[in-house]
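Descriptive structure summary
This is what each chain is made of:
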Amino acid sequence: MSLVLDSAAQDLLFREARTANSFSDEPVTEEQVQAIYDLVKFGPTAFNQTPLRITLVRSPEARERLVKHMAEGNAAKTATAPLVAILSADNEFHEELPQLLPHFPQAKDLFFAERPVREQSALLNAALQAAYFIVGVRAAGLAAGPMTGADFGGIQKEFLDADHTPLMVVNIGKPGEDAAFARSPRLTFDEVVTTV
């Protein structure tokens, strides 16, 4: 075995994990979300930037406001998931760089003074953090249902501001009955990896 992570953990995080389309009624607690974030915040990003923002949609009123922006195939599962998170990229993440990169505080102005550069970097690095977040949800023994089928312009106006770009909506909870489709095929090592 070439991996240090034991087989059960590999199954939990990857091999047996599935995108959930339905969930049980068991709630997702603030403590669980805190534990997930406290684990995944250590995932690597460029310049240690932390552009990911997580908006937890808990109240019935907020849930109703979100559901109206979801694509038809995603609305019902978003309405009934125990917890829904809107993941977005903060395009003003550079303001935190002196704190997050104390050995190179000038990176804030040297590399990220221009908004288009920040937006591109925020999008890439928040997407990395979103992937870590999904794996963290799995590490907590929960299932994630990440979705990009939504009116993100509407979600931005409803929940965010012009400095935050929505990336995805993630339903979170214990899987329900028939929560996942059968595993779809994946490309093989030889189809993906090239050695030069």
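It should be noted that the structure appears before, not after, this text.
Below is a summary of the structure that appears in this document. All of these numbers come straight from a predicted model, not from anything done at the bench.

With that out of the way, let us pick up the nonpolar core. Ranked by internal contacts, the top residues of the largest apolar core, which has 23 residues, are Leu87, Val137 and Ile172. At 6 residues, helix H7 (residues 115-139) tops the list of elements feeding residues into this core. Aside from chain neighbours lying at most four places away, what touches Leu87 is Leu52, Arg53, Ile54, Ala130, Phe133, Thr165, Pro166, Leu167, Met168 and Val170. Of all hydrophobic cores here, the second largest spans 18 residues; its members include Ala20, Ala81, Val84 and Ala143.

This part covers empty space enclosed by the protein. As enumerated under the stated definition, the model contains 1 cavity of 30 Å³ or more in all. One number sums up the size of the largest cavity: a volume of about 40 Å³. Together, Tyr37, Val40, Lys41, Leu52, Gln129 and Tyr132 line the largest cavity. Within the residue set of the lining of the largest cavity, elements represented by two or more residues are helix H2 (30-40) and H7. The class makeup of the residues in the lining of the largest cavity is 4 nonpolar, 1 polar and 1 charged.

Scanning the model with the defined rule gives 13 salt bridges in all. For the salt bridge of Arg115 with Glu92, the shortest nitrogen-to-oxygen distance reads 3.0 Å. Residue Arg115 is found in helix H7, and its partner Glu92 is found in the loop between strand E2 (83-90) and helix H5 (97-100); the two are separated by 23 residues along the sequence. On the accessibility criterion, Arg115 (25% relative accessible area) is partly exposed. Since its relative accessible area comes to 21%, Glu92 is described here as partly exposed.

Turning our attention to the sheet that holds strand E1 (residues 52-57). With antiparallel pairing, 4 strands are arranged side by side in an open sheet as E1-E2-E4-E3. In the strand order of this sheet, the two ends are held by E1 and strand E3 (143-147), each with one partner. Across this sheet, the average inter-strand angle for adjacent strands is 30 degrees, counted without regard to direction. Sheet strands in contact with helix H8 (residues 152-159) are E2, E3 and strand E4 (164-173), and its direction is about 90 degrees off that of E4.

The next thing to look at is helix H4 (residues 72-80). Residues spaced three or four apart along an α-helix point in a common direction, a consequence of the helix completing one turn every 3.6 residues. For H4, the set of buried residues is Asn74, Ala75, Lys77 and Thr78. Looking at the buried side of H4, the elements it contacts are helix H3 (60-67), E2, E3 and E4.

Parameters at a glance
- Residues numbered from 1 in each chain as written.
- Predicted model: local features only at pLDDT ≥ 70, side-chain atom pairs only at ≥ 80, totals over all residues.
- Heavy atoms only, no water.
- Core = buried A, V, L, I, M, F, W, Y, C linked by side-chain atoms within 4.5 Å.
- Buried < 20%, exposed > 50% of the residue type's maximum accessible area, 1.4 Å probe, protein only.
- Helix = DSSP H or I, 4+ residues; strand = E, 2+ residues; numbered from the N terminus.
- Contact = heavy atoms within 4.5 Å.
- 1 Å grid on protein atoms, 1.4 Å probe; cavity = no way out; pocket = protein on both sides within 12 Å on 5 of 7 lines; lining within 4 Å.
- Points joined across faces, edges and corners; volume = space filled by probe spheres on them.
- Nonpolar A, V, L, I, M, F, W, Y, C, P; charged D, E, K, R; others polar.
- Salt bridge = Lys/Arg side-chain N within 4 Å of Asp/Glu carboxyl O.
- Pairing = 2+ DSSP bridges.
- Axes fitted to C-alpha atoms, helices over the stretch in contact; angles between N-to-C directions.

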